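So the chains spell out like this:
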Amino acid sequence: MRLARPVYESLPLVYAAIGGVALLVAYLDPEGRQTAIALVIGLMAEIAALTVFLRRQDYRALSREYSGEVIDFPSRLNR
């Protein structure tokens, strides 16, 4: 599935915001089952945000490093 560029660019920020809100909810209400659920959701969203950000950064670095040119290997020498 391909996403539009503005959606893809804002995805880590959306995940980080969701994770931050969930962690804040877990911090403000430290008792009960909702705390554990909010903590798990918050951690998963923060990990997703970091993963998307780092994958995007790695892809851009590789795109700059490799221009897409074909490497010409020297022909075999006669034996």
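The structure displayed is predicted, hence computed values, not measured ones. (Residues numbered from 1 in each chain as written. Predicted model: local features only at pLDDT ≥ 70, side-chain atom pairs only at ≥ 80, totals over all residues. Heavy atoms only, no water.)

Some thoughts on the overall build of the protein chain
Within the protein chain, the regular secondary structure consists of two helices and zero strands. Relative to its length of 79 residues, the protein chain is extended, with a C-alpha radius of gyration of 22 Å against a globular reference of 12 Å. In terms of principal-axis extent, the alpha carbons of the protein chain reach across some 80 × 30 × 20 Å. Sorting the 79 residues of the protein chain into buried and exposed places 15% on the buried side. Here the protein chain has roughly 7300 Å² of accessible surface; of this, 63% comes from carbon and sulfur atoms. When the 9 positive and 8 negative side-chain charges of the protein chain are each reduced to one mean point, those points stand 10 Å apart. (Helix = DSSP H or I, 4+ residues; strand = E, 2+ residues; numbered from the N terminus. Rg over C-alpha atoms; globule rule 2.2 N^0.38 Å. Buried < 20%, exposed > 50% of the residue type's maximum accessible area, 1.4 Å probe, protein only. Areas by Shrake-Rupley, 256 points an atom, 1.4 Å probe, with all protein chains shown as cover. Lys, Arg positive; Asp, Glu negative; His and termini not counted. Charge placed at Lys NZ, Arg CZ, Asp CG, Glu CD.)

Structural notes on the pattern of salt bridges
Under the criterion given, the structure shown has two salt bridges. Here Glu9 and Arg56 are joined by a salt bridge, their closest N and O atoms 3.3 Å apart. With Glu9 in helix α1 (residues 5-28) and Arg56 in helix α2 (residues 33-65), this pair connects stretches of sequence that are 47 residues apart. Given the relative accessible area of 26%, Glu9 is considered partly exposed. Arg60 serves as the salt-bridge partner of Glu9, at 2.4 Å between the closest nitrogen and oxygen. Of this pair, Glu9 sits in helix α1 while Arg60 sits in helix α2, and the two are 51 residues apart along the sequence. Each of Glu9, Arg56 and Arg60 takes part in a single network of salt bridges with overlapping partners. (Salt bridge = Lys/Arg side-chain N within 4 Å of Asp/Glu carboxyl O.)

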